Amino acid sequence: SAVISQKPSRDICQRGTSLTIQCQVDSQVTMMFWYRQQPGQSLTLIATANQGSEATYESGFVIDKFPISRPNLTFSTLTVSNMSPEDSSIYLCSVSGYSYEQYFGPGTRLTVT
Amino acid sequence: AQKVTQAQTEISVVEKEDVTLDCVYETRDTTYYLFWYKQPPSGELVFLIRRNSFDEQNEISGRYSWNFQKSTSSFNFTITASQVVDSAVYFCALSEEGYGGATNKLIFGTGTLLAVQP
């Protein structure tokens, strides 16, 4: 399985600011995914990030609010822009394994005040 | 449309009891994958099992077992002789085969909070 790290692990941010979350994988992967888990809720896919192409966003998520970069096969960033308290969530990145399973990073706990 | 339903929001058991977590899914694809993940209080998601739609064999791994029944679109998870360390939120998830056979996005159920009391 892949080893995935995320930075920061947690942050408290003020309304109106932006935060960039980094996801680093210890091996090259084709597809990386970004999920959001709002307090007490399930996980919802924000977007799929493929290296060398634009990220594909799910319904309800837009690039202006959640810009994503994927500069190489081991790294991706997700930015949460112009934050509001409703953005308080855990943000997780994941990667696909060879047997179609997905492995998740430890998550970034974001609180917006 | 794809959907995963975990009707049990919370389950509380006493240690050593057996417990079954239910998962019902909906998909129009003939090729799909089903997963169970564990999310302990620390928050990380731990991969437990993957099942593809062509393999209906039940699986046992230690105290964990999974029952996959396509006829009822269910993929239930049983913990035998539960322990306090099993306390966590358990998510069932569905993935349909994407372009080129690569894995597609995961559709998660709402999760079941399992509390195992000593």
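Just so it is clear, the structure is predicted and the values come from calculations on it, not from any experiment.

Chemist: So what's going on with the pattern of salt bridges? Which residues, and what values?
Modeler: Summed over the entire model, instances satisfying the criterion amount to five salt bridges over all chains. For the salt bridge of Lys105(B) with Glu58(A), the shortest nitrogen-to-oxygen distance reads 2.5 Å. Of the two residues, Lys105(B) sits in strand S11 (residues 103-108) while Glu58(A) sits in the loop between strand S6 (56-57) and strand S7 (68-72), which places them in two different chains. Owing to a relative accessible area of 18%, Glu58(A) belongs among the buried residues under this scheme. A salt bridge links Glu59(B) to Arg51(B), with the shortest nitrogen-to-oxygen separation between them at 3.1 Å. Judged by relative accessible area, which is 29%, Glu59(B) ranks as partly exposed. Residue class for Arg51(B) comes out buried when judged on its relative accessible area of 8%. By sharing partners, the salt bridges in this structure join Arg51(B), Asp55(B) and Glu59(B) into a single network.

Chemist: An account of the environment of Ala115(B) is requested, with residue identities and associated values reported.
Modeler: Residues and elements named next belong to chain B. Among the structural elements, Ala115 can be located in strand S12 (residues 112-117). What makes Ala115 partly exposed here is its relative accessible area of 25%. Considering only alpha carbons, one finds Ala115 and Val14, 101 residues apart in sequence, at a separation of 8.3 Å. In this structure, Ala115 is in contact with Ile11, Ser12, Val13 and Ser87, ignoring residues within four places of it in sequence.

Chemist: I'd love a proper account of the side chain of Arg36(A), names of residues and values included.
Modeler: All names here are of chain A. Along the polypeptide, Arg36 turns up in strand S4 (residues 31-37). Despite its burial, Arg36 pairs with no opposite charge, the nearest such side chain being Asp87 at 4.4 Å. Among residues more than four places away in sequence, those in contact with Arg36 are Ser42, Leu43, Thr44, Ile46, Phe61, Phe66, Asp87, Ser89, Ile90 and Tyr91.

Chemist: Account for the pairing of strand S5 (residues 43-50) of chain A, naming residues and giving values.
Modeler: Along a regular strand, successive side chains alternate from one face of the sheet to the other. Residues and elements named next belong to chain A. The buried count for S5 comes to six of eight residues, which makes it a mostly enclosed element. Direction of pairing for S4 relative to S5: antiparallel, over a ladder of seven bridges. Bridged to Arg36 within S5 is Thr44. The pairing of S5 with S6 spans two bridges and is classified as antiparallel. Opposite Ala47, over in S6, you have Tyr57 as the bridge partner.

Chemist: Quick rundown of the interface of chain B and chain A? Include the residues and the values.
Modeler: Contact residues are listed per partner, giving 21 residues for chain B and 18 residues for chain A. Across the chain B to chain A interface the summed buried area is about 1600 Å²; carbon plus sulfur atoms make up 59%. Where chain B packs against chain A, one counts one salt bridge. Linking chain B to chain A there are six residue pairs in polar contact (both at pLDDT 80 or more). Those elements giving two or more residues to the side of chain B that touches chain A turn out to be strand S5 (32-39), strand S6 (46-52), strand S10 (88-97) and S11 of chain B. Class assignment of the residues belonging to the side of chain B that touches chain A gives a composition of 10 nonpolar, eight polar and three charged.

Chemist: Tell me about the environment of Gln41(A), residues and numbers included.
Modeler: Checked against the element boundaries, Gln41(A) lands in the loop between S4 and S5. With a relative accessible area of 46%, Gln41(A) lands in the partly exposed category.

Chemist: With reference to specific residues and values, describe unusual backbone geometry.
Modeler: Cis geometry is found at the peptide bond from Lys7(A) to Pro8(A), where omega equals -10°. Within the secondary structure layout, Pro8(A) lies in the loop between strand S1 (4-7) and strand S2 (10-13). With a phi angle near 85°, Lys16(B) is a residue other than glycine that sits in the positive phi range. Mapped onto the elements of the fold, Lys16(B) is located in the loop between strand S2 (10-14) and strand S3 (19-21).

Chemist: Describe the sheet that holds strand S8 (residues 75-80) of chain A, and please don't skip the residues or the numbers.
Modeler: All names here are of chain A. The four strands are arranged S1-S3-S8-S7 in an open sheet whose pairing can be described as antiparallel. Single-partner strands in this sheet number two, and they are S1 and S7. Going from strand to strand, the sheet's axes swing by 15° on average, the running direction of each strand aside.

Chemist: Can you break down the state of the cysteines residue by residue, with the values?
Modeler: Applying the stated rule across the entire model yields two disulfides over all chains. Paired by a disulfide, Cys23(B) and Cys92(B) hold their sulfur atoms 1.9 Å apart. In this structure the cystine formed by Cys23(B) and Cys92(B) twists about its S-S bond by roughly -65°; its chirality is therefore left-handed. Taken together, the residues Cys23(B) in the loop between S3 and strand S4 (24-26) and Cys92(B) in strand S10 connect sequence positions 69 residues apart. Overall, the relative accessible area of 0% leaves Cys92(B) in the buried class. Residue Cys13(A) stays outside any disulfide, its sulfur separated by 17 Å from that of Cys93(A), the closest cysteine.

About the thresholds
- Every chain begins its residue count from 1, and numbering advances along the sequence as written.
- A letter from A marks each chain and a number from 1 marks each ligand, given out in the order of writing.
- The model is predicted, so local features are restricted to residues of pLDDT at least 70 and side-chain atom pairs to those at 80 or more, both for listing and for counting; the totals for chains, interfaces and linings are taken over all residues.
- Side-chain measures here rest on the full set of heavy atoms in the structure, leaving out hydrogens and waters.
- For salt bridges, the criterion is a side-chain nitrogen of Lys or Arg within 4 Å of an Asp or Glu carboxyl oxygen.
- A run of H or I in DSSP counts as a helix once it spans at least four residues, and a run of E counts as a strand once it spans at least two, with each numbered from the N terminus.
- We call a residue buried when its accessible area falls under 20% of the maximum for its residue type, exposed when it is over 50%, and partly exposed in between, using a 1.4 Å probe and counting protein chains only.
- Contacts are assigned to residue pairs with any non-hydrogen atoms lying within 4.5 Å of each other.
- The convention is simple: Lys and Arg are positive, Asp and Glu are negative, and His and the chain ends are not counted.
- Should DSSP find at least two bridges between two strands, the strands are regarded as paired.
- Reported buried area values correspond to the accessible surface (1.4 Å probe) lost by two parts on association, with both partners' losses combined.
- Whenever a nitrogen or oxygen atom comes within 3.5 Å of another N or O atom, the pair is scored as a polar contact, on the condition that within protein one atom can donate a hydrogen and the other can accept it, and that pairs from neighbouring residues in sequence are kept only if both atoms are in side chains.
- Ten residue types, Ala, Val, Leu, Ile, Met, Phe, Trp, Tyr, Cys and Pro, are classed as nonpolar, four, Asp, Glu, Lys and Arg, as charged, and the remainder, Gly among them, as polar.
- Lines fitted to C-alpha atoms define the axes, with helix axes restricted to the stretch in contact, and inter-axis angles between N-to-C directions lie between 0 and 180 degrees.
- By definition, disulfides here are pairs of cysteine sulfur atoms that lie within 2.5 Å.

Geometric values such as these leave the question of function open.
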